[in-house]
Amino acid sequence: MIRKLRRRLLRASRSGDPGAAPPQPATPPVDPPPVWWRRLLVAATPSATRFALLLLLLAVFGATLLLVPHPEPTALPDLADRMGRLAPVAGVLGGALLLVALVPRTFITLAAGAIFGALEGAAYALGAALLAAAIGFTVGRVLGRDFVAERVRGRLARLDRWFTRQSVLGVVTVRLLPISGFGLVSYGYGTTGARVLPFLVGSVIASAPTAFGYAAVGAAVTSPNEINWFAAAPASLGFIASAILLARWWRAERRLRRTSR
């Protein structure tokens, strides 16, 4: 026992610490988590979860649009007769919900014209477009803006800044271009830094020419004796305005490039 105590004292004196404990075995290093696990943790952030929810919502709307049959245009006027005074409110709210669900605006406007007539149908179709634009923009802003803002780089960042600087004219330009449906554009604008007021005003202005044209066509389907082919002329204004606004946008981009050099 005395010999063991002497040996411990001798070791402690050599190490310089009289009360030092005997050395402990080294702890083995902990391996880092695998790459797939780190990617999963990054993907599980709140912004990514909300963006995934937005994509799922659009997928459900798209599948529903393909599976649910469309009603016959000739049967639409009976709906207004059954609703009575609530028909205009139901037309605006129902049209807005259908636009949010990615139903093409052409079908909504044709149906409004068939139910309410050319002028009233166009007015209700514009009201539905305004309400649908506000809903789609809000949903896109809440579910997708944070995800996009955290990950845009390079040219995508420049595009996002372009949307942020957009005025009413820029929104009208994008709305008139045949790039996607009305609802998808609303959701997409919500994920950018665009301002809500120019977006709503531009959406209504861009929808006005075709609203009157397609509503007149829809009214003509249910009332063939009252066909006025000149009423469909405003539909061509969308193509003319698209060409003019696209040319102006291209010139503005060229000036910006020249000044930045």
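Residues numbered from 1 in each chain as written. Predicted model: local features only at pLDDT ≥ 70, side-chain atom pairs only at ≥ 80, totals over all residues. Heavy atoms only, no water.

**Digging into a nonpolar patch on the surface**
Here's step 1: A contiguous nonpolar surface patch, about 340 Å² in accessible area, is contributed by Val 196, Leu 197, Val 201 and Ile 205.
Here's step 2: Relative to the assigned elements, Val 196 resides in helix H11 (residues 196–222).
Here's step 3: Judged by relative accessible area, Val 196 falls into the partly exposed class, the value being 42%. (Patch = residues over 30% accessible without salt bridge, like charges linked within 9 Å, V, L, I, M, F, W, Y side chains within 5 Å. Areas by Shrake-Rupley, 256 points an atom, 1.4 Å probe, with all protein chains shown as cover. Salt bridge = Lys/Arg side-chain N within 4 Å of Asp/Glu carboxyl O. Helix = DSSP H or I, 4+ residues; strand = E, 2+ residues; numbered from the N terminus. Buried < 20%, exposed > 50% of the residue type's maximum accessible area, 1.4 Å probe, protein only.)

**Observations concerning the environment of Val 172**
Here's step 1: One can find Val 172 in helix H9 (residues 168–176).
Here's step 2: Along the sequence, Val 172 and Val 201 sit 29 residues apart, while their C-alpha atoms lie 8.6 Å from each other.

**Let's talk about the nonpolar core**
Here's step 1: Among the nonpolar cores identified, the biggest contains 33 residues, and Phe 61, Leu 99, Ala 132, Phe 182, Tyr 187, Tyr 189 and Phe 199 are the most heavily contacted of them.
Here's step 2: At eight residues, helix H7 (residues 118–151) tops the list of elements feeding residues into this core.
Here's step 3: When neighbours within four sequence positions are excluded, Tyr 189 is seen to be in contact with Phe 137, Arg 141, Phe 163, Gln 166, Gly 170, Val 171, Val 174, Ala 194 and Phe 199. (Core = buried A, V, L, I, M, F, W, Y, C linked by side-chain atoms within 4.5 Å. Contact = heavy atoms within 4.5 Å.)

**Comments concerning the packing of helix H3 (residues 46–67) against H7**
Here's step 1: For the pair H3 and H7, the least separation of the axes is 8 Å and the interaxial angle reads 130°. Compared by their axis directions, H3 and H7 come out oblique. Our pair here, H3 against H7, has a crossing hand that is left-handed. Where H3 approaches H7, its residues Ser 47, Ala 48, Arg 50, Phe 51, Leu 53, Leu 54 and Leu 57 are matched on the opposing element by Val 139, Gly 140, Val 142, Leu 143, Gly 144, Asp 146, Phe 147, Val 148, Glu 150 and Arg 151. (Axes fitted to C-alpha atoms, helices over the stretch in contact; angles between N-to-C directions. Parallel < 35°, antiparallel > 145°, perpendicular 65-115°, else oblique. Left-handed = near helix turned anticlockwise from the far one by under 90°.)

**Comments concerning the packing of aromatic side chains**
Here's step 1: By the definition in use, this model includes five aromatic pairs.
Here's step 2: Plain terms: the ring middles of Phe 116 and Tyr 124 are 4.8 Å apart, the flat faces sit at 80° to each other, and that makes the pair edge-to-face.
Here's step 3: Consider the rings of Tyr 189 and Phe 199, whose centres lie 4.9 Å apart with planes at 40°: the pair is tilted. Here Tyr 189, found in helix H10 (residues 182–191), pairs with Phe 199, found in helix H11; they are ten residues apart in sequence, far enough to count as distant. This pair shows no difference in class: Tyr 189 is buried, exactly as Phe 199 is.
Here's step 4: By way of ring pairs, the aromatic residues Phe 137, Phe 163, Tyr 189 and Phe 199 are connected into one cluster. (Phe/Tyr/Trp six-rings, centres within 6.5 Å; stacked < 30°, edge-to-face > 60°.)

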